[in-house]
Structures are given as C-alpha cells and as structure tokens.
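# Secondary and tertiary structure notes
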Amino acid sequence: PRVNASRRPGDWQEYDIIFRAPKFDADGNKTRNACFEKVVWNGEVIHENVELLGPTRGSMTSEDVPRGPLRLQGDHGPVAYRNVRLKEL
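Residues numbered from 1 in each chain as written. Predicted model: local features only at pLDDT ≥ 70, side-chain atom pairs only at ≥ 80, totals over all residues. Heavy atoms only, no water.

For the protein, the helix and strand inventory stands at zero helices and five strands. When the helices and strands of the protein are placed in sequence order, the string is β-β-β-β-β. Overall, the C-alpha framework of the protein stretches about 45 × 25 × 20 Å when taken along its three principal axes. The 89 residues of the protein split such that 13% are buried. Across the protein, every contact between residues at least 6 apart in sequence was considered, and the portion connecting residues at least 24 apart equals 34%. A total accessible area of about 7,700 Å² is found for the protein, and carbon and sulfur atoms account for 50% of it. Across the protein, the mean location of the 14 positive side-chain charges is 5 Å away from that of the 13 negative side-chain charges. (Helix = DSSP H or I, 4+ residues; strand = E, 2+ residues; numbered from the N terminus. Buried < 20%, exposed > 50% of the residue type's maximum accessible area, 1.4 Å probe, protein only. Contact = heavy atoms within 4.5 Å. Areas by Shrake-Rupley, 256 points an atom, 1.4 Å probe, with all protein chains shown as cover. Lys, Arg positive; Asp, Glu negative; His and termini not counted. Charge placed at Lys NZ, Arg CZ, Asp CG, Glu CD.)

Have a look at this one:
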C-alpha cells in the first residue's frame, strides 16, 4: 500500500474497492488480468491500477475465473462487518 491508513484496533475501518474481474474469450482463454482499479482505506488511496497475475491465496480455485463469490476474511482475530454493499458495474 502507498500508506498505512489503519485506524486503531477496535475502531471501524472503511474501504471502497473498485475491482475489475479478469476477461476471457469465447474459448475460455484469459485475455485480460484482474485489476484493483482503486482501493480507498479510511479515505486514503492505497492502491490504484494494481494488476493481479492470478487468484489470491484465499481463492476457492487455483485458476482465474470470470466470476466467483466474494469472500470476506476474518481469521486473524475478532472481526465484524457492517454496511457491505456490492454493485456490479
């Protein structure tokens, strides 16, 4: 990340994420990698135009797919989520 925008433990964190999924042609060949267009954390831009070369370690598959579930990680201590909104662009 460009900066550490973290708030202290116990305070709510706010994220705005614009993610572009990988693209595939009619034969199933990948034509464009996935990309984090922009990630804003607590009002600070921490990532912009970060291309992903494959799925993340938490992925349900080892291969890129055109569409999949959204997974929220919470295995590193107490975590709560609120006001989660997903909008397909």
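Positioned with a positive phi, N42 is a non-glycine residue whose angle comes to about 50°. On the secondary structure map, N42 appears in the loop between β4 (35–41) and β5 (44–51). Accessibility expressed as a relative area gives 14% for N42, which makes it buried. You will see that N49, though not glycine, has its phi angle at about 55°, which is positive.

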